[in-house]
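Next come the chains, spelled out residue by residue.
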Amino acid sequence: ATPSEKMDRFSWTDGVFLSFEKPVIQQPSIRLYDGENKTSFDSGTVRLTTHRIMWDDDEQEGRALALHHSLVKSLDQSASTITKSAKIVVHLLPPSLHRDQGPSVSSQFSYIKLSFRKGGQSDFLSLYKQTLSRKAWEVVQKPPVASRGDVKPSGRFRAGIVGIERSMQEKKHATDKQMSQAFQDLDGLIKKAKDMVTLADRFASKLEEKKGSVTDDEFLLGFTHSVSSSEKLMDLVVYITESLLNN
């Protein structure tokens, strides 16, 4: 008999896993049957996933088919004989009206067969049944939520950060300039304070020399005035210094 090209539940695929799809098991050297008819999909590797079975041609690269689990009604198997290999019979539901393009648009059969030429059908069938019972394809998967550390700032947000950094740099520059000017003024003030202290010392020395020609009250008043003026000036210098350092 001429190999059939039917199997209207299958669709062409690039062999790439779907989102959230995971592999379960695979088996090489599998022939596909459309019902009781052989097809031209003579030898390929069948991969069972959480969402589909995929058949990849062993000889023609890129020639691949997929059958979604949502189209599977039930599973059976037929044992091997001397002339026939063991097979898994996949009973199918009616095809969807909005199905992807495949090797055929119609078929007279409501089942397909997977022929296991090199054995392994028992383990494959067991996992196939388990996978169908879990119905992972019906679970609505939510995309992973990115943590704050993974979130990249938008262009506008990044521009705002740059503006803030620039403003902080400008303020720091202005503050440094003010501090530099203040310390220059402080240096001048300290110099003047030293001059005043020197002047007070000279005045006190002169008073000491003329102690005999002035009264005790005049001597005490002049000396106290000179000393207190110097102390007040030094107190002022200390106050200004502490204020600048604290700011």
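Residues numbered from 1 in each chain as written. Predicted model: local features only at pLDDT ≥ 70, side-chain atom pairs only at ≥ 80, totals over all residues. Heavy atoms only, no water.

Here the focus is the side chain of Gln27. Locating Gln27 in the fold gives a position in strand 2 (residues 23-34). Side-chain polar atoms of Gln27 contact the backbone oxygen of Gly119, separated by 3.0 Å. Discounting chain neighbours no more than four positions away, the residues touching Gln27 are Gly44, Thr45, Val46, Phe116, Lys118, Gly119, Gly120 and Phe124. (Helix = DSSP H or I, 4+ residues; strand = E, 2+ residues; numbered from the N terminus. Polar contact = N/O pair within 3.5 Å; in protein donor to acceptor, adjacent residues only side chain to side chain. Contact = heavy atoms within 4.5 Å.)

Within a pair of aromatic rings, the relevant descriptors are the distance that separates the centres and the angle that separates the planes. In the structure shown here, the tally under the stated rule is five aromatic pairs. A centroid spacing of 5.4 Å and a plane angle of 80° characterise the contact between Phe41 and Trp55, whose relative ring orientation is edge-to-face. Of this pair, Phe41 sits in the loop between strand 3 (37-38) and strand 4 (44-49) while Trp55 sits in strand 5 (residues 52-57), and the two are 14 residues apart along the sequence. You can call Phe41 buried: its relative accessible area is 0%. In this structure Trp55 comes out as buried when scored by relative accessible area, which is 1%. Members of the aromatic cluster, joined through ring pairs, are Trp12, Phe41 and Trp55. (Phe/Tyr/Trp six-rings, centres within 6.5 Å; stacked < 30°, edge-to-face > 60°. Buried < 20%, exposed > 50% of the residue type's maximum accessible area, 1.4 Å probe, protein only.)

What follows concerns the pattern of salt bridges. Taken as a whole and assessed by the stated rule, the structure comprises six salt bridges. Between Arg52 and Glu21 there is a salt bridge, with the nearest N and O atoms lying 3.0 Å from each other. Residue Arg52 is located in strand 5, and its partner Glu21 is located in the loop between strand 1 (11-12) and strand 2; the two are separated by 31 residues in the primary sequence. For the pair formed by Arg52 and Glu21, the shared burial category is buried. Across the pair Asp57 and Arg63 runs a salt bridge whose closest N-O atoms are separated by 2.7 Å. Arg63 matches Asp57 in its accessibility class, with the two residues each being buried. (Salt bridge = Lys/Arg side-chain N within 4 Å of Asp/Glu carboxyl O.)

Let's shift gears to the environment of Ile112. Inspection of the secondary structure puts Ile112 in strand 9 (residues 111-116). For the pair formed by Ile112 and Ile88, sequence separation is 24 residues and the distance between their alpha carbons is 8.4 Å.

The two faces of a sheet get side chains in turn, since along a regular strand they alternate between them. Buried residues dominate strand 6 (residues 64-68), accounting for four of its five residues. Here two bridges tie strand 1 to strand 6, and the two strands are oriented antiparallel to one another. Residue pairing in the sheet places Ser11 in a bridge with Ala66 of strand 6. Examined bridge by bridge, strand 5 and strand 6 share five bridges and lie antiparallel to one another. Counted as the bridge partner of Arg52 is His68 from strand 6. Connecting strand 5 to the antiparallel partner strand 6 that follows it, the hairpin turn spans six residues, and Gly62 within it adopts a positive phi of roughly 90°. (Pairing = 2+ DSSP bridges.)

Counting 24 residues, the largest nonpolar core has Leu67, Val72, Val90, Leu114, Phe124 and Tyr128 as the members making the most contacts within it. Beyond its immediate stretch of four places on either side in the chain, Leu67 contacts Arg9, Phe10, Arg52, Ile53, Val72, Val90, Leu92, Ile112 and Tyr128. (Core = buried A, V, L, I, M, F, W, Y, C linked by side-chain atoms within 4.5 Å.)

As a further point, take unusual backbone geometry. Most peptide bonds are trans, and most residues other than glycine sit at a negative phi. Notably, Phe20 is not glycine yet its phi reads approximately 70°, a positive angle. Mapped onto the elements of the fold, Phe20 is located in the loop between strand 1 and strand 2. In this model, Lys135 sits at a positive phi of 50°, which is unusual for a non-glycine residue. The exposure class of Lys135 is partly exposed, given its relative accessible area of 40%.

For the rest of this paragraph, the subject is helix 1 (residues 121-134). End to end, helix 1 covers 20 Å across 14 residues, agreeing with the expected 20 Å (1.5 Å per residue, within 8%). Here helix 1 has its buried residues at Gln121, Phe124, Leu125, Tyr128, Thr131 and Leu132. Projected down its long axis, helix 1 carries its buried residues within an arc of 130°, all on one side. The exposed residues of helix 1 that point more than 90 degrees off its buried face are Asp123, Ser133 and Arg134. (Expected span 1.5 Å × (residues − 1). Arc of directions from axis to C-beta.)

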